[in-house]
Amino acid sequence: MSARMHITLNGNVVEVPEGVSVAAAIAHAGQAFGRSPGGRRRGPFCGMGVCFECRVSIDDIAQQRSCMVTVREGMRVDTDG
Amino acid sequence: MAERYDVLVVGAGPAGLAAAAAAAGQGARVALLDAQPRAGGQVWRHDVGHRAPFSARRHIAAVQEHPRVTWMAQTQVVAAEHGSLLAEDPRRAHWLGYGALILATGARELLLPFPGWTLPGVAGAGGLQALAKQGWPMRGRRVVVAGSGPLLLATAATARRHGAQVLGIHEQATFAAVSRFAGGLWRWPAKALQAAALRTRLAGVRYQCGSVVVAAHGDDQLREIELDGPRGRQRVACDYLAVGYGLVPDVRMAQMLGCRLEPEGAHARVVVDTEQRSSIGNVFAVGETCGIGGRDCALVEGEIAGRTATGATADLPALQRRRRHARAFAAHLREHFVLDPRIRALAEPDTLVCRCEDVPLRALEGLQDGRSAKLATRCGMGPCQGRICGSALAEMGRPAPNGLRPPLFPARLATLAEAEAPAW
């Protein structure tokens with residue numbers, strides 16, 4: 001996990017560890033996840049693709065579970081997507 | 001697009017891996033699919049920072065290197081029709097046909113509502129373990145592990161291995177119940193060894209019985225939890241709370257196919273015969289989906305189904321004996337980690353029960369069934385499709401959203417527009 005790579009997170013290029021999930025990469029970058037319909041801040045809950053609370057937009061495809069996708073160099077991630 | 005296999009295995013945890021290996025070993029053409037990017041399921045989930053145990057690597061390699069097994073990662077089943085499954089991966093949707101279908105869909109965590117459980121920083125017990133293995137930053141973070149069952153020890157050990165400071169493990173079962181559980185472990189020496197190894201790795205971490213998380217506090221992030229234990233209430237400041245009350249069989253695909261189910265506590269499991277056959281002749285079910293039993297059940301049941309599905313029934317009696325022994329451990333576990341009724345009553349009127357649609361418990365009062373709850377409140381209609389609140393409400397003895405219909409998971413429009421199932 002020592003090697004690093006770069007992703008564009010909410011428009012900013014950030015350095016994250018190689019091989020981690022997109023959810024973990026967002027946490028490494030210190031960014032928040034989305035909000036519930038009522039506007040409450042949420043974060044990853046089940047860690048395995050069941051709860052859908054870690055949904056983000058990845059390379060312009062919305063509603064992806066960030067705990068189920070591994071980061072790739074150059075990936076574009078938007079947490080409010 | 002359509003492909004047909006002799007044996008199609010859904011789920012690449014220990015049960016699915018064993019099933020795929022056994023079927024391929026008999027000469028069958030096998031496809032093994034899983035929604036995750038890597039094989040191993042939850043118990044053998046890939047850890048970005050640490051090598052998997054030897055047996056996990058051996059089982060995964062045996063399947064992935066087998067010339068007759070097609071491994072389909074990040075592939076999710078969204079619908080079933082006329083003996084085919086409609087599967088979606090990041091690039092395409094396709095129909096998969098099968099001679100025999102083996103369901104190894106595993107389990108979900110039982111996650112029960114309490115005030116504050118929606119705060120970022122609160123995760124399932126298996127949930128936090130999975131996140132840690134995915135590389136979630138844990139170093140120096142203060143973690144409390146709570147809930148019920150041996151998974152709490154595994155989670156605490158993983159968190160510690162990743163550099164977290166584990167402040168304590170809070171098991172809801174009483175000290176007497178946990179002692180009786182430990183006292184009966186001699187019948188399963190491998191389990192006793194595993195427990196001893198975990199205890200060694202957790203030296204110095206306090207294991208408190210009869211202790212329950214009753215609330216989590218914080219604004220936009222978890223700051224503190226409130227515990228109720230033998231010594232009364234106490235507050236603990238922490239960064240993460242990992243809380244889970246055990247596992248629930250994932251029977252959704254079996255239900256969609258029309259396999260007969262039976263109750264397992266407040267939940268359901270797939271009914272199978274001694275050869276792991278469901279009520280549908282060419283559909284088998286193995287591992288947790290047939291009732292929570294753990295890795296040893298999963299491995300042996302997978303092997304039984306893989307052999308039966310390919311007509312290789314010569315060695316079944318020995319496997320069936322192993323299965324009975326493994327299932328007896330599951331019963332031993334269930335008997336001693338019974339949930340304290342107060343856990344089902346932790347949610348307050350304004351506690352959100354349906355996390356996807358922000359539905360508080362209060363809104364469900366007076367509604368007679370899951371359908372009315374959906375119509376009146378949208379409970380269970382969010383992206384998780386009632387997976388979290390449905391199990392929680394069932395456990396709490398309240399009407400739960402039910403009535404499953406495809407797609408089994410939110411799917412792309414292009415997937416749903418895929419032509420009809422082929423006539424094989």
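Residues numbered from 1 in each chain as written. Chains lettered and ligands numbered in written order. Predicted model: local features only at pLDDT ≥ 70, side-chain atom pairs only at ≥ 80, totals over all residues.

1. Details of the overall build of chain B
For step 1, the next point in the chain: Along the backbone of chain B there are 13 helices and 21 strands.
For step 2, the next point in the chain: Computed over the C-alpha atoms, the radius of gyration of chain B is 21 Å, within 12% of the 22 Å expected from 2.2 N^0.38 for a compact globule of 424 residues.
For step 3, the next point in the chain: With respect to the three principal axes, the spread of C-alpha positions in chain B is 65 × 50 × 35 Å.
For step 4, the next point in the chain: Scored against the burial criterion, the 424 residues of chain B give a buried share of 52%.
For step 5, the next point in the chain: Put simply, 67% of the contacts in chain B that link residues at least 6 apart link residues at least 24 apart. (Helix = DSSP H or I, 4+ residues; strand = E, 2+ residues; numbered from the N terminus. Rg over C-alpha atoms; globule rule 2.2 N^0.38 Å. Buried ≥ 20, exposed ≤ 12 C-beta atoms within 10 Å, placed from the backbone. Contact = placed C-beta atoms within 7 Å.)

2. Details of the sheet that holds strand S15 (residues 240-244) of chain B
Residues and elements named next belong to chain B.
For step 1, the next point in the chain: Pairing is parallel across the open sheet formed by 5 strands, whose spatial order is S8-S15-S9-S10-S11. The open sheet terminates on both sides in strands that have one partner only, identified here as strand S8 (122-123) and strand S11 (207-209).
For step 2, the next point in the chain: Bridge count for strand S9 (residues 142-147) against S15 is 5 bridges, and the pairing is parallel. When the bridges of S15 are listed, Val143 appears paired with Tyr240.
For step 3, the next point in the chain: Against the sheet, helix H3 (residues 125-133) engages S8, S9 and S15, with an angle of about 130° to S15. (Pairing = 2+ DSSP bridges. Axes fitted to C-alpha atoms, helices over the stretch in contact; angles between N-to-C directions.)

3. Examining the nonpolar core
Residues and elements named next belong to chain B.
For step 1, the next point in the chain: Val143, Val145, Leu241 and Val353 are the most contacted members of the largest nonpolar core, which totals 88 residues.
For step 2, the next point in the chain: When residues are assigned to domains, this core turns out to be shared by domain 1 (2-108 + 248-334) and domain 2 (113-244), each giving three or more.
For step 3, the next point in the chain: Residues Val9, Val30, Trp44 and Val251 belong to the second largest nonpolar core, which totals 66 residues. (Core = buried A, V, L, I, M, F, W, Y, C linked by C-beta atoms within 7 Å. Domains from an automatic or database assignment.)

4. Here's the deal with the sheet that holds strand S13 (residues 222-229) of chain B
Residue and element names in this part refer to chain B.
For step 1, the next point in the chain: The antiparallel open sheet is built from 3 strands, whose spatial order is S12-S13-S14. Whereas interior strands pair on both sides, the edge strands pair on one side only; in this sheet they are strand S12 (212-218) and strand S14 (232-237). Mean inter-strand twist for the sheet, computed between neighbouring axes without regard to direction, equals 20°.
For step 2, the next point in the chain: Judged from the 6 bridges that link them, S13 and S14 form a sheet pairing that is antiparallel. Residue pairing in the sheet places Asp228 in a bridge with Arg233 of S14.

5. Things to note about the interface of chain B and chain A
For step 1, the next point in the chain: In this assembly, 32 residues from chain B lie in contact with 32 residues from chain A.
For step 2, the next point in the chain: The element contributing the most residues to the side of chain B that touches chain A is H3 of chain B, with 5 residues.
For step 3, the next point in the chain: A class-by-class count of the residues in the side of chain B that touches chain A yields 15 nonpolar, 10 polar and 7 charged. (Nonpolar A, V, L, I, M, F, W, Y, C, P; charged D, E, K, R; others polar.)

6. Description of the pairing of strand S6 (residues 93-103) of chain B
Residue and element names in this part refer to chain B.
For step 1, the next point in the chain: Counted residue by residue, S6 has 8 buried out of 11 residues, so it is predominantly covered.
For step 2, the next point in the chain: Across 8 bridges, strand S1 (residues 2-10) lies against S6 in parallel orientation. Considered in S6, the bridge of Val10 is made with Leu103.
For step 3, the next point in the chain: Pairing analysis gives 5 bridges linking strand S5 (residues 84-88) to S6, with the strands arranged antiparallel. Residue pairing in the sheet places Ala87 in a bridge with His94 of S6.
For step 4, the next point in the chain: A loop of 4 residues connects S5 with S6, the two strands running antiparallel in sequence.
For step 5, the next point in the chain: Bridge count between S6 and strand S19 (residues 283-285): 3 bridges; the pairing is parallel. By the bridge assignment, Ile102 is partnered in S19 with Phe284.

7. Describing the domain arrangement of chain B
Residue and element names in this part refer to chain B.
For step 1, the next point in the chain: Here chain B is described as being made up of domain 1 (2-108 + 248-334) and domain 2 (113-244).
For step 2, the next point in the chain: Spacing between the C-alpha centres of domain 1 and domain 2 amounts to 29 Å.
For step 3, the next point in the chain: Its residues assigned to classes, the side of domain 1 that touches domain 2 shows 2 nonpolar, 5 polar and 2 charged.

8. A look at the confidence of the model for chain B
For step 1, the next point in the chain: On average, residues of chain B score 95 in pLDDT, and 100% of them reach the 70 mark or higher.
For step 2, the next point in the chain: This complex was scored by the predictor with a pTM of 0.96 and an ipTM of 0.97. (pLDDT = per-residue confidence, 0-100.)

9. Some points on the environment of Val213 of chain B
Residue and element names in this part refer to chain B.
For step 1, the next point in the chain: The residue Val213 is located in strand S12 in this model.
For step 2, the next point in the chain: Separated by 66 residues in sequence, Val213 and Ser279 have C-alpha atoms that sit 40 Å apart.
For step 3, the next point in the chain: Not counting residues within four places of it along the chain, the set of residues in contact with Val213 comprises Phe114, Ala146, His170, Ile225, Leu227, Leu241 and Val243.

10. Remarks on unusual backbone geometry
Apart from glycine, the bulk of residues carry a negative phi angle, and the bulk of peptide bonds sit in the trans form.
For step 1, the next point in the chain: In the segment running from Pro406 of chain B into Pro407 of chain B, the intervening peptide bond is cis, with an omega of 0°.
For step 2, the next point in the chain: Tracing the chain through its elements places Pro407 of chain B in the loop between helix H12 (387-395) and helix H13 (413-416).
For step 3, the next point in the chain: A positive phi is found at Asp60 of chain A, a non-glycine position, where the angle reads about 70°.
For step 4, the next point in the chain: The residue Asp60 of chain A is located in the loop between strand S3 (55-58) and strand S4 (61-65) in this model.
For step 5, the next point in the chain: A positive phi angle is found at His82 of chain B, which is not glycine, with a value near 40°.
For step 6, the next point in the chain: Residue position: His82 of chain B is located in the loop between strand S4 (76-81) and S5.
For step 7, the next point in the chain: Residue classification places His82 of chain B among the exposed residues on the basis of 11 C-beta atoms within 10 Å.

11. What to know about helix H1 (residues 14-25) of chain B
Residue and element names in this part refer to chain B.
For step 1, the next point in the chain: For H1, which comprises 12 residues, the first-to-last C-alpha distance of 16 Å matches the rise-based estimate of 16 Å (1.5 Å per residue) to within 8%.
For step 2, the next point in the chain: Most of H1 sits out of view: 11 of its 12 residues are buried.
For step 3, the next point in the chain: Considered for burial, the residues of H1 that qualify are Pro14, Ala15, Gly16, Leu17, Ala18, Ala19, Ala20, Ala21, Ala22, Ala23 and Ala24.
For step 4, the next point in the chain: Along its buried surface, H1 packs onto S1, strand S2 (30-33), helix H2 (54-64), strand S3 (69-72), S6 and helix H8 (295-308).
For step 5, the next point in the chain: Of the residues flanking the end of H1, it is Gly27, one or two places downstream, whose phi is positive at about 95°. (Expected span 1.5 Å × (residues − 1).)

12. Regarding the packing of H1 of chain B against H2 of chain B
Residues and elements named next belong to chain B.
For step 1, the next point in the chain: Axis separation between H1 and H2 bottoms out at 9 Å; the angle between their running directions is 45°. The angle between the axes of H1 and H2 places the two elements in the oblique class. Here the hand of the crossing between H1 and H2 comes out left-handed. Residues Pro14, Leu17, Ala18, Ala20 and Ala21 of H1 lie in contact with H2, whose contacting residues are His59, Ile60, Ala62 and Val63. (Parallel < 35°, antiparallel > 145°, perpendicular 65-115°, else oblique. Left-handed = near helix turned anticlockwise from the far one by under 90°.)

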